[in-house]
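Each chain is listed here by its residues.
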Amino acid sequence: MSELFHTILLRVTLAGVASAVALRVVEGGALREIVKLAAGLLMLLALLQPLAGLRLTGWEGVRDGTLAGIDVDAIQEQNAQTTMSTVAASIADALESSAQAKGFDCSVHVTMENDENGILQVGKVTVYYQSADAARLDELKTLVTEGCGVDADRQEWVAQ
């Protein structure tokens, strides 16, 4: 039980640090609210994911990770994927809104992944921009880099 508590404490601490860094990087406005939402989801995931792995003995019907024919591991994976897609869509929407506010016509696709510690992070950002915005592409790249903290090596730029 103390190992479970240690795991929860470590994950919540790491999620808190990641959230604090993300909130520090982001300026005000709608993007900050999206990052707050993502940080909350990250904290919730950090708290609940270790609990989901807790196996209680003595229940009838529980064996090999299934409960009365329900595959618990598959449900956990589906929940993790749902969380990833929700956070990715929120970040993409916030980046698109920020870009539109600065006069850019672009669409953004964000993919999420877990790092080596199991912490949810932005994996890749793909920006589909209009050729009319090519002259201001450096400004758009700076907006994306500052908006979600993704290095240039995890960004893809596609002219339309």
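For clarity, every value in this text was computed on a predicted model and none was experimentally measured. (Residues numbered from 1 in each chain as written. Predicted model: local features only at pLDDT ≥ 70, side-chain atom pairs only at ≥ 80, totals over all residues. Heavy atoms only, no water.)

Draft legend 1. Layout of the environment of L47. Residue placement: L47 occurs in helix α2 (residues 30–52). Residues L47 and L10, 37 residues apart in the sequence, show an inter-C-alpha distance of 9.6 Å. What L47 contacts, discounting residues up to four positions off in sequence, is I8 and V12. (Helix = DSSP H or I, 4+ residues; strand = E, 2+ residues; numbered from the N terminus. Contact = heavy atoms within 4.5 Å.)

Draft legend 2. Representation of the side chain of E96. Take E96: it is sitting in helix α3 (residues 72–101). Nearest to the buried, unbridged E96 among oppositely charged side chains is K124, at 16 Å. A distance of 2.8 Å separates the side chain of E96 from the backbone nitrogen of V108, its partner in a polar contact. Not counting the four nearest positions on each side in its chain, E96 is found in contact with C106, S107 and V108. (Buried < 20%, exposed > 50% of the residue type's maximum accessible area, 1.4 Å probe, protein only. Lys, Arg positive; Asp, Glu negative; His and termini not counted. Salt bridge = Lys/Arg side-chain N within 4 Å of Asp/Glu carboxyl O. Polar contact = N/O pair within 3.5 Å; in protein donor to acceptor, adjacent residues only side chain to side chain.)

Everything listed here is a matter of coordinates, which is why it stays silent on function.
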